[in-house]
Amino acid sequence: MKRTPSVVLGLCSYTHDSSAALLVDGELIGFVEEERLSEQKHTKLYPARAVGWLLDQAKLSATDVDAVAYNFQPARYLAESPAALRMALSPTTRDRSLARAHGFAKVALRTRRRLRVLGSQFPSARVTPVLHHRAHQLTAYAASGWEEAAVLVVDSLGERQTTTIAHGHGIQRPRVQTLEAINDPASLGYVYGAVTEHLGWRRGDEEGTVMALAALGDPARFRHLFTTAVRTTGTGFRIHPGYFPTRTLTSGYPRTSRRFVAETCPERHPSEPLTDAHRDLAAALQERTEQVMVHLARRARVLTGSRRLCVGGGVATNCVSIGRIIEADIFDEVFVPPAPGDAGTAIGAALAVHVDARTPRPVAGIARGCDLGPSYEDQPLDLTPWPGLHQKTLGIETAEFLADQLAHGVIAGLFQGGVEAGPRALGNRSILASPLEPGVVERLNATVKFREPFRPFAPMVPAERAAEFFTLGQPAPYMSMASGVTDLTRERVPAIVHANGTSRLQTVTRSQNPFMHAVLTAFGRRTGVPVLINTSLNVKGKPICGTPEMALDCLANSGLDALLLEGRWITK
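A short tour of the structure in this document, coming up.

When helices and strands are counted, the protein chain shows 19 helices and 21 strands. Scaling as 2.2 N^0.38, a compact globule of 572 residues should have a C-alpha radius of gyration of about 25 Å, and the protein chain matches this with 23 Å. The dimensions of the protein chain, computed from C-alpha atoms along their principal axes, are 70 × 60 × 45 Å. Within the protein chain, buried positions represent 60% of all 572 residues. Residue pairs in contact within the protein chain that sit at least 24 positions apart in sequence constitute 71% of those at least 6 positions apart. Carbon and sulfur atoms make up 51% of the accessible area of the protein chain, which totals about 21,900 Å². Across the protein chain, the 63 positively charged side chains and the 55 negatively charged ones have centroids separated by 7 Å.

Note on sheets: strands pair through backbone hydrogen bonds, and any given pair is parallel or antiparallel. If you walk across this open sheet you meet the 9 strands as E13-E21-E20-E14-E15-E19-E16-E18-E17, and the pairing is mixed. Pairing within the sheet leaves two strands with one partner each, and these edge strands are strand E13 (390–393) and strand E17 (481–484). Pairs of neighbouring strands in the sheet enclose a mean axial angle of 35°, with direction left out of account. Seen against the sheet, helix H19 (residues 548–556) touches strand E14 (412–415), strand E20 (562–565) and strand E21 (568–571) and runs at an angle of roughly 165° to E20.

Together, Lys106, Arg112, Arg113 and Arg116 line one region of the surface with positive charge. Summarising the element assignment, Arg113 is placed in helix H5 (residues 97–121). Residue Arg113 is classed as partly exposed on the basis of its relative accessible area of 44%.

Ranked by internal contacts, the top residues of the largest apolar core, which has 123 residues, are Phe226, Phe244 and Leu309. Ranked by residues supplied to this core, first place goes to helix H11 (residues 276–304) with 11 residues. Once you skip the residues sitting within four places of it in the chain, Phe244 turns out to touch Tyr190, Val191, Ala194, Val195, Phe226, Ala229, Ile239, Arg255, Thr256 and Phe260. The next biggest cluster of nonpolar side chains, apart from the first, holds 41 residues, and it includes Leu28, Tyr141, Ala166 and Ile347.

Inspection of the secondary structure assignment puts Thr502 in strand E18 (residues 502–508). A residue is classified by how much of its surface remains accessible, and Thr502, at 9% relative accessible area, is buried. Within the local environment of Thr502, its side chain forms a polar contact with the side chain of Asn500, the two groups lying 2.8 Å apart. Discounting chain neighbours no more than four positions away, the residues touching Thr502 are Ala482, Ser483, Ile496 and Val497.

A large share of helix H12 (residues 319–327) lies buried, amounting to 7 of its 9 residues. Three or more residues of H12 are buried, namely Cys319, Val320, Ser321, Ile322, Gly323, Ile325 and Ile326. Just beyond H12, the residue with positive phi is Asp329, at close to 60°.

Within strand E3 (residues 27–33), 5 of the 7 residues are buried, which leaves the element mostly enclosed by the surrounding structure. Strand direction decides the pairing type here: strand E2 (residues 19–24) and E3, joined by 6 bridges, are antiparallel. Across the sheet, Leu23 pairs through a bridge with Leu28, a residue of E3. Connecting E2 to the next strand, E3, in antiparallel fashion are 2 residues, including Asp25 with a positive phi near 55°.

Restricting attention to buried positions, one finds in helix H14 (residues 398–407) the residues Thr398, Ala399, Leu402, Ala403 and Leu406. Buried residues of H14 fall within an arc of 130° about the axis and therefore sit on the same side. Where the residues of H14 are buried, they touch E14, strand E15 (429–433), helix H18 (514–527), strand E19 (532–536), E20 and E21. Just past H14, the residue Gly409 takes up positive phi, approximately 95°.

Once that is clear, we can look at the pattern of salt bridges. Scanning the entire structure with this criterion turns up 29 salt bridges. Several salt bridges share partner residues, and in doing so they unite Lys41, Arg202, Asp205, Glu206, Glu452, Arg455 and Lys540 into one network.

In this structure, Trp201 sits in the loop between helix H7 (188–198) and helix H8 (207–214). The exposure class assigned to Trp201 is buried, which follows from its relative accessible area of 7%. For the pair Trp201 and Pro270, spaced 69 residues apart in sequence, the C-alpha separation works out to 6.6 Å. Each residue touching Trp201, except ones within four places of it in the same chain, is listed here: Thr196, Glu206, Thr209, Val210, Leu213, Arg268, Leu274, Glu452 and Phe454. A distance of 3.1 Å separates polar atoms of two side chains, one belonging to Trp201 and the other to Glu452.

Within the open sheet, the 5 strands sit side by side as E3-E2-E1-E4-E5. Their pairing is mixed. The open sheet is flanked by E3 and strand E5 (126–129), the only strands paired with a single partner. Strand-to-strand twist in this sheet, taken as the mean axis angle between neighbours without regard to direction, amounts to 15°. Pairing of strand E1 (residues 7–12) with strand E4 (residues 67–70) involves 4 bridges; the strand directions are parallel. Considered in E4, the bridge of Gly10 is made with Ala69.

Closest axis-to-axis distance for the H7/H11 pair is 11 Å, and the angle between their directions is 170°. With respect to each other, H7 and H11 are oriented roughly antiparallel. Packed against H7, whose contacting residues are Leu188, Val191, Tyr192, Val195 and His198, the element H11 presents Leu281, Leu285, Gln286, Thr289, Val292 and Met293 at the interface. Classifying every residue of the contact of H7 with H11 gives 8 nonpolar, 3 polar and no charged.

Our next topic: the state of the cysteines. Within the structure shown, the criterion is met by 0 disulfides. Of all cysteine sulfurs, the one in Cys370 lies closest to Cys310, which takes part in no disulfide; the gap is 16 Å. Under the relative-accessibility criterion, Cys310 is labelled buried at 0%. The thiol sulfur of Cys554 is not disulfide-bonded, and the nearest other cysteine sulfur, from Cys545, lies at 4.5 Å. On the accessibility criterion, Cys554 (8% relative accessible area) is buried.

About the thresholds
Residues numbered from 1 in each chain as written. Predicted model: local features only at pLDDT ≥ 70, side-chain atom pairs only at ≥ 80, totals over all residues. Heavy atoms only, no water. Helix = DSSP H or I, 4+ residues; strand = E, 2+ residues; numbered from the N terminus. Rg over C-alpha atoms; globule rule 2.2 N^0.38 Å. Buried < 20%, exposed > 50% of the residue type's maximum accessible area, 1.4 Å probe, protein only. Contact = heavy atoms within 4.5 Å. Areas by Shrake-Rupley, 256 points an atom, 1.4 Å probe, with all protein chains shown as cover. Lys, Arg positive; Asp, Glu negative; His and termini not counted. Charge placed at Lys NZ, Arg CZ, Asp CG, Glu CD. Pairing = 2+ DSSP bridges. Axes fitted to C-alpha atoms, helices over the stretch in contact; angles between N-to-C directions. Patch = residues over 30% accessible without salt bridge, like charges linked within 9 Å, V, L, I, M, F, W, Y side chains within 5 Å. Salt bridge = Lys/Arg side-chain N within 4 Å of Asp/Glu carboxyl O. Core = buried A, V, L, I, M, F, W, Y, C linked by side-chain atoms within 4.5 Å. Polar contact = N/O pair within 3.5 Å; in protein donor to acceptor, adjacent residues only side chain to side chain. Arc of directions from axis to C-beta. Parallel < 35°, antiparallel > 145°, perpendicular 65-115°, else oblique. Nonpolar A, V, L, I, M, F, W, Y, C, P; charged D, E, K, R; others polar. Disulfide = S-S within 2.5 Å.

Okay, structure coming up:
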């Protein structure tokens, strides 16, 4: 193998949200989540399609890969086993100590086997396991493009760590230094997932539904419970095992206790109606999550002295919490990368291997990059499998045409350019609608997305006009921050304001997405309001449409009126 790896493949695989990223001489060739190509949401399978596309883009084969960077280190799991056995000394954790020790040891051995499997697929490569939180840190920091910043990562579990505060330095050769870490069982992501499951939604998938539901409840009812269950400390927080029993990594162990159930409500089956208790439980959970996140952000400010903050990890997708950090005015600016969750660690893992090799090659293509996946421009389109669909090719005024259709109440899918990184569609794989159309939110939820009626929809606005409608006061390019709204918004576009008075904002610049900026501008000329509803091109339970075939299926099987697919206007 070469002394300094020039082709580094980063992988997230075998857990959830499989993905792949490829660095060649420090330049990011691309990144894509496997679900966008396989149609299996949150797939944990080896990302064969993603890897195949990346190698094809670089005109390389598996034998050309010098290094494979994996986003977990097996030895770190193994280190938890003796600590777990010590939990037998406490009556509150004794009953799970053996199962926890066994579970972490089992995952460590399983991860080692996975590394060997990966090595067999890339015969010229050295497989390097990367500390999970380091991968998160590098993804968040490198994507910011900043010379220096504090980095806060909060998730459910990375080997043993659940929360880390680091300091990032350097643009061309990004490095992060962890200053403080919190280990499991103190896990904010674990608590949020446990309550999500208790409320009848899928843990690891539908936490956003709980966040939306929280706006409809009163946190006062269960506030004391969460203050006790998730207690802040001088350096972070801890979890009360009497409410959230210790994690085991073994199935069959509930994440909430009998005491939690007795003091809140019985576990809800997905088919059961929502009650005030469910809404209030979600509200109290969300409130406590926001408080702890702000507390951690303040700690990051103290430890780093930085005026800028990057946030990563699964909990970073809680846009209301990010909005609260911004409102607290702890930092001059806050940044969340487009893929803050585990999928994005494929980028960070590859980066770790690249910078550790001390190569003179600078990093390129990561800062402020979003549409990093496959594109399908200039490809022929055969509608034979969808006999009910019809197409026509548009001319050069495509943005004006789409804006006019939206202004007349059409709900349209948009498929253009490369697949976006992360959980938010940002104008390349989107469903667009006018927020001025009566009943548009109800129609989108009921007939297009097929999801809960209380779910809100995010607005997108040209960055230069954002201050007219939103109070955030900073860029929000990746729809990762909840913002307050102005009186003009409440008056003109109340459809994009959630029950808590916020909107999950996306600001669009001409350089970031020229086509979407042109559509928003044209829509503003027609209506006086340069704001559109933007939601992902998919229906509930399905991944964002990464391929033309997925997009056409979405059009054919949902309440979408039309689809603009690479300059073709497709209708039913």
